[in-house]
Every structure is written in C-alpha cells, then in structure tokens.
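Overview (structure and organization)
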Protein chains: 2
Amino acid sequence: MTKNRRIQLNERDMPAQWYNIQADMPNPLLPLLHPGTKQPIQASDLEPLFPMALIAQEVSTERYIDIPDEVLDLYRLYRPTPMHRAYNLEKVLDTPAKIYYKNESVSPPGSHKPNTAIPQAYYNHKEGVKKMTTETGAGQWGSALSFATNFFGIECKVFMVKVSYGQKPYRKSMMNLWNGSVIPSPSMETNAGRAFLAEDPDCPGSLGVAISEAIEVAAMNEDTKYSLGSVLNHVLLHQTIIGLEAVKQLEMAGDFPDLVIGPFGGGSNFGGISFPFLRYNFTEGKKTRCIAVESATCPKLTKGKFEYDFGDTAGMTPLIPMYTLGHKFIPPAIHAGGLRYHGAGAIVSQLLKDNLIEARSVEQIESFEAAVTFARAEGMIPAPETSHAIAQVIKEANIAKQEGVAKTILFNFSGHGLLDMGAYDAYFSKTM
Amino acid sequence: MTKNRRIQLNERDMPAQWYNIQADMPNPLLPLLHPGTKQPIQASDLEPLFPMALIAQEVSTERYIDIPDEVLDLYRLYRPTPMHRAYNLEKVLDTPAKIYYKNESVSPPGSHKPNTAIPQAYYNHKEGVKKMTTETGAGQWGSALSFATNFFGIECKVFMVKVSYGQKPYRKSMMNLWNGSVIPSPSMETNAGRAFLAEDPDCPGSLGVAISEAIEVAAMNEDTKYSLGSVLNHVLLHQTIIGLEAVKQLEMAGDFPDLVIGPFGGGSNFGGISFPFLRYNFTEGKKTRCIAVESATCPKLTKGKFEYDFGDTAGMTPLIPMYTLGHKFIPPAIHAGGLRYHGAGAIVSQLLKDNLIEARSVEQIESFEAAVTFARAEGMIPAPETSHAIAQVIKEANIAKQEGVAKTILFNFSGHGLLDMGAYDAYFSKTM
C-alpha cells in the first residue's frame, strides 16, 4: 500500500565502465580543426592543455571505457545517486504518466559536475600535473573541480566571471573551502585579462573572457593544464555514469523510459542521462525520445546553425562542428548560468543533425513556474538549469494526460537550487 | 579492494515505529508544572497549543509507537537516509577508530528537522488544525515546518528572529517557496511583539521573544496550534527514526558503536541518534557511551543547574525539569544558531543527572576547524551545529589513536552548511 518512492542501487552495482556513444553513432563525428591551419587537429596540438589520457578518450571509439578504481572510490562519496518516482508531482499534474528523476544534487558540490571533475583531476594527477585552471560562471563547475582537485593535492585556479563573483559569494566560499583559489575575471593575471581591463576597467566579465584567461595560464605554464566542464566528448563520456545507473534503476522498477529529458547547456547534463538509453535505440530498436531542453534566451539547438565555430569568445580553441549561435553571441543574464553557452558539443550536435534526438527551448519564467510546482510537490528545490528540464517534463505529462497514455518519463535532476534562492526571490517578487 | 563507503537501507526496511525511551529509563521524568499554579500540568492545559495526539505522545510510556502510514509515505521523500563510513577522515586523522556518520542533510530542508515537522503537521491536520505557528532562529526549523505543513494545506506562520531574518535571506526564501509566511520578530502582530517594539523600536529580536509571539498567536486563535522543533518529548520521539535506522545500518556493516555523538541544542538531534542505542544499555547490558556536544557559549549541560525552569524567555511555557542556564540567559551570536538555547529537554536532562549519558562543550573556532577538516576529507560541508559533534569525534578519534584501540564511533551529520557559507567566510577571514 505504501509506494516505493526511491530506487537505490547498492555500491557494488555501480557501473564500472563509462559508455562511449561514439562507438554506436550512425555517422561519425567530423574532426576538430586547428584554429590556425584549419586542418584536423592532432593529439599533440591538445597536449599543452589536457593530459594524454583525456585526449585519447576524446577521440576513442571503444564502446566501454573502464573507470579507474581511484575514481570509483571517490564516486562512492556520493554515488550511486538515488532515483525517485515523483508520485506527488504526478498527482498534482493529474497525469497518467510515470515520472522518474535521477537525483544528481546529492553530490557535495550539489550537481552532476563532479562526475567529470573527479576523473579529470585523477588523469591529470596520474600524468604529474600539479596545477589546473578553469573558468566558471555561476560557480557550479568551479566548485566541482575544486572539490575534485583537492583529493589529489592539485592546485586549482578558477577564473570566475566577475559579475557572478559578486552575486554568488557562497559559491566562492565553497571553492575556497576545498582549497580552490578564485579570481574574478577579467583579471590582471593574464594578457587577455589585462587587455580587457585596459579597454574597460569596470568590465563585468563573461564566460568567454574567463575561458581565454584559463587557457592562457595553462598554455603558458608547463606544470598547468586546463579543464572544461562540458561540451567536450570526454566530459560527456564521464557523465554517462548517470544514465548507466538509471538504466539499472529503471530495470529494478520494471520500467523503461519513453522519454528522457535533460537540461542543455553544453551537453554534459543531457548527454549524461540520455546516451545510455540512446544505445538501445541504436542497437536494439528501441524508440526512446531523448529531449534536450535549452534556454529560449540561448537557443543554439532550436535556432542555431550547424557549422564549425570556436568554443570560446576570443577564438583560441579548436573549431568544433556544432550547432552554434556564433562565438560572439552573449546571452542575457538569466539565472540558469549553466545554460548560457553559445554552442553545443560535437556529439549532441551530430545526433541532432541526424534527427536522433530532439531539442526544445523554455522561457525563464516558465522554468521557475515549473520549479515551484516541483518543489511544493516533491520537496527538493531545483537549480535554475534543472528547472528547464522540469518545465518540459510538465508539458509532456500534460500531453500524456490529453492522450490518456501512461508514458514513462525520466529526467535528470542535475542540481539543487539552494545557492540560487535569490533567483526564487526575484521570481516571487516579480522582478525577474 | 574498493571500500564500501555507504550503507543504504531499502525503503521496505525503514522502521515503522518510533522508539520511546520513557519506557526504559531507570528513573521516570518529573512532571511539567503549570506556570501559574506550579502544580503538575494536565493534558487540558496543553490543549490550546498542541493536538491531543502529540500531548499523548508527550507523556506516553509505550516502548514503541506506530508511525502513521501518511508520515511514512512523506518520510520516503528523503528516508531512509544514508550512513557513510568516513574512510577519508579516518585516514587524515591516522586513527584506528572506525568513524560512521548518519547523513540527515539529504532532506529537502537540509537537516533532521523534518523528521518531527512531518508528524507534527500530520497530527495537527488529522485534528482539523488549519494554521500553525512557530519560531525559528537561523531558519532550519522554520523551513522544515513550512516544508511539512505545505503537504497538508496548513497555513504556517514563522516568527523569525529579526537579526537572522536579515542575515539569512535564503532561509526565508525556502520558507516562502514552501508556502510558509515569515515575520521578523518582534512584530506588530502580537501583544508581546508590540510591547517589545514600544520599548526598543530597533530591537534585533531573540528566540525567547519569537517563542512568546508564536505561542500568543496559537493561544488566542481557536484554529491555530503551536509547534516546537526540539526540547519536548514527542519531538525527540519522532527523531528516533535516525537512530533506529542507524542500528540497522551498523548491523548491515557488522558493527556496533562504542561511542554515539550528536550536537546538542535542545535535544532532538542528540536524542534522535542516541536513544535507540541507549536502549541496548538499558535492556541488554551494552555500554555504548552517548555524548551530547553543546556550544561552550551556551553550556547548560556542562555548567548549568538541574532545576525547574521556563522553556521561553518570557516565562509563558510550563516549567520543565531540566539543566538550564536560566531562561533569561542570552547566548552570544554564534553561527550555530541551533545550539543557542538556554535549557535542555527533560529526558536528556534526567539521563544526564543519572549519569547515563555524557556531555561535552566545544568552542566555536574548534568547531570550524573540525568542519574544514571534514569537508576536505569527506566532501560534505557541515552545518555549524553539526560541526560541534565533528570536533568531538576528532578528539575521540585522537584518543583512540593514543590508546591504539579501534573504537567504533557514530555521529549524527544532522545538516549541511550550504546556507551557512558566510560563517565559513568569517572563519577563513579570521573575523569570527
């Protein structure tokens, strides 16, 4: 009579390999191009920025890649993560749909980001790297990398977009607690930063500038590598631990999804939950619909073009074959900082081009309405990024109601909103 | 070779009864006294404030009390909570001690408080109550009660100490999100509040004043009851779900604790984890040491007197037989707001008087040192209250090292510190 709300894997059942969708994609990826020569890049081109193990994963077509024991051990600080059946939400929506969510908010930094931060720190450590740099917007990624590098004694330097540095002081505090150093960007530490400040001493910064600063420091220093929290293939690979666990958990519940939904910024959130289900479409004829949900203010998947573009604003990265709004595109300052990226990763872009996945966009106000409905029904307070997926889930549950079909919907509850309560205040006070 | 860091109960193994230590205490509790007559209070004296079901639990001597199905169902939103073996911390401390922690921070409000907020809201709802009032300091309890009343359509009014209302805006936002209304106290809504403001219009408030306001509203309104988040017997009863789960989880790990440690404010945190283990001392001759850890700034257990005293500053509550610093005692504004209470609950006080439990006090600076050590080793960021327990755990682990004994230590990780990062900033900037 009492409902089983949660499906929990035992530690011993946690997957020990990541799933590499490159092994199963009908069309292989186009190569990355060198920003100077416009020729396909070589591994050696990336070596100043990344350890060899990650470069190898970036281009690997092995279907499964072993997760090192040391990474599994640290994953166990918060994994396997729970899956919940959202009975209360189903009741509020009066829908025949079955709604499940995978709860990645239980990690210490509060999101799915450590799933790749830990292996990235591990592989860097193994190759003798002593310092890492990265950029962060709202701070989710910077705090995840600080959390991870701390375990390996790697110094972590995070260039945090200056306006966020002021707005989200608690994220900075988290990074400091885990021994990360945080520098408001643009800074005086790099040529890129100094040039920007010379032009505008009050410059509020942008993700593009912060990326340029972080890359510059890594490129200039032998003992320092750079790290990215989304977009790249190896990042999405690491995040498949989410979907691999979810496959097992739904199996425990005797279910399989008709729909898999994830928020979409650069691809790690959506790819993490959906790729292990897409595999069944490719290899077993399943027809699960996988929907990437982006912000309507930054609609690269629904309104962008598929073309070669830079990963950063300054044009320092390789050219990536992707859906993009152009690398100069500056999205408005929405609260879902993780969705404010001009492009999509190469894998997701190729899958969308081939009509193997779907994309939708959601307005900010709609995402907060959905977040409030969810928090009042299920208790958990979603991050603004996660709320975009929830808005789409609610739409699909309403469609299921109209159609009278008991669809099974799974979404990625990718992070909590406890450090984003100011955004909820703005929503309630109608100042959003 | 990989270590099992986490011990997870299945939902079906979640305890379905609370444990009532009053059934097993060698010496029964002294009665509460009426504040006017000084005679033992009757159930009818408490009826304006509490539903009958909770009044009955307050004086019950039944050993086990069934948890209603509706409460179990809502517990399942976040329970059973995980238990973790703190391998990383053990390694950092280089101790032979085995350290386990019960992770109550996974609830949506972020602490153990919903364990009693849910049944309190349920019993009120069952008896037709439409409105509830309470007080909150830092906001943990107020957010837990808002979270719980929201499920039953009960209006929740929280009097929040004015200085905290200004300092912890995110806690207020959480309460609003869950449909709680939050009033900075002292307020113009009550006689008590108006009197205080007449005396001092800039009064920053105190927990004592806020309690008086919340009680006044409940006493004056037929459809409104009052709710307390600690101290009372029924509150501690509900919290035993923590220790009852922990008993099962340690059994799964093939272990039993030599030491059980919990932070101590009014008793719900410490009582929740320790009472189910104390039962084995009373009935099976076990000798588990249970240690309540209070703030050195508010040392009622280690420096207070055992005597009849009021539960609030204004002297409106029944007289409680307890260790107290005097109901006029105002503790300094430490960051662990949950430990700033002048007295101890009756049960814990009687147990301490009978030498059946132990008490220790910890300085604030020591609690933050411990919190940082823990967060860097295990990842999770503890609440300031929780950090007091961790400081004691570290002391005990060091003693175990000196003695060369592999003691088993269990503590209550009662809440996360994500909304307390400002306190960590103060610690790191040495402005604490």
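Residues numbered from 1 in each chain as written. Chains lettered and ligands numbered in written order. Predicted model: local features only at pLDDT ≥ 70, side-chain atom pairs only at ≥ 80, totals over all residues. Heavy atoms only, no water.

A short note on the interface of chain B and chain A
Between chain B and chain A, the contact holds 46 residues from the first and 46 residues from the second. For the chain B and chain A pair, buried surface summed over both sides reaches about 4300 Å², with 54% attributable to carbon and sulfur atoms. Of all residues in chain B, the largest losses of buried area upon contact with chain A belong to Arg6, Leu177 and Arg376 of chain B, amounting jointly to 16% of the total for that side. The tally of links from chain B across to chain A stands at two salt bridges. With a closest N to O distance of 2.9 Å, Arg5 of chain B and Asp73 of chain A form a salt bridge. On inspection of chain B and its partner chain A, the count reaches 22 residue pairs in polar contact (both at pLDDT 80 or more). Here the residues of the side of chain B that touches chain A sort into 22 nonpolar, 12 polar and 12 charged. (Contact = heavy atoms within 4.5 Å. Buried area = accessible area lost by both parts, 1.4 Å probe. Salt bridge = Lys/Arg side-chain N within 4 Å of Asp/Glu carboxyl O. Polar contact = N/O pair within 3.5 Å; in protein donor to acceptor, adjacent residues only side chain to side chain. Nonpolar A, V, L, I, M, F, W, Y, C, P; charged D, E, K, R; others polar.)

Description of the relation of the copies chain B and chain A
Each of the two copies of the chain can be brought onto the other by a rotation about an axis and a shift along it. Placing chain B over chain A gives an RMSD of 0.0 Å and needs a rotation angle of 180°, together with 0.0 Å of translation along the axis. The symmetry that links the two subunits is that of a two-fold axis. Comparing contact sets, 100% of the residues at the interface of chain B also lie at the interface in chain A, consistent with an isologous, same-surface contact. (Least-squares fit on C-alpha atoms with pLDDT ≥ 70 in both.)

Topic: helix 2 (residues 52-59) of chain A
All names here are of chain A. Restricting attention to buried positions, one finds in helix 2 the residues Leu54, Ile55, Gln57 and Glu58. Buried residues of helix 2, seen end-on, are gathered within an arc of 160° and therefore sit on one face of the element. Contact partners of the buried residues in helix 2: strand 2 (17-19), helix 1 (43-46), strand 3 (64-66), helix 5 (114-126) and helix 11 (233-252). (Buried < 20%, exposed > 50% of the residue type's maximum accessible area, 1.4 Å probe, protein only. Helix = DSSP H or I, 4+ residues; strand = E, 2+ residues; numbered from the N terminus. Arc of directions from axis to C-beta.)

Points about the domain arrangement of chain A
All names here are of chain A. Annotation of chain A at the domain level lists domain 1 (7-14 + 78-111 + 234-428) and domain 2 (48-66 + 113-229). At the interface, 28 residues of domain 1 touch 33 residues of domain 2. At the boundary of domain 1 with domain 2, total buried surface from both sides reaches about 2500 Å², with 58% on carbon and sulfur atoms. Summed over the three residues of domain 1 that lose the most area to domain 2, namely Pro109, His234 and Leu419, the buried surface amounts to 27% of that side. Across the contact surface, domain 1 and domain 2 share one salt bridge. Of the charged contacts, one joins Lys168 and Asp420 as a salt bridge, the two residues approaching to 2.7 Å between their closest N and O atoms. At the boundary of domain 1 with domain 2, the tally comes to 14 residue pairs in polar contact (both at pLDDT 80 or more). (Domains from an automatic or database assignment.)

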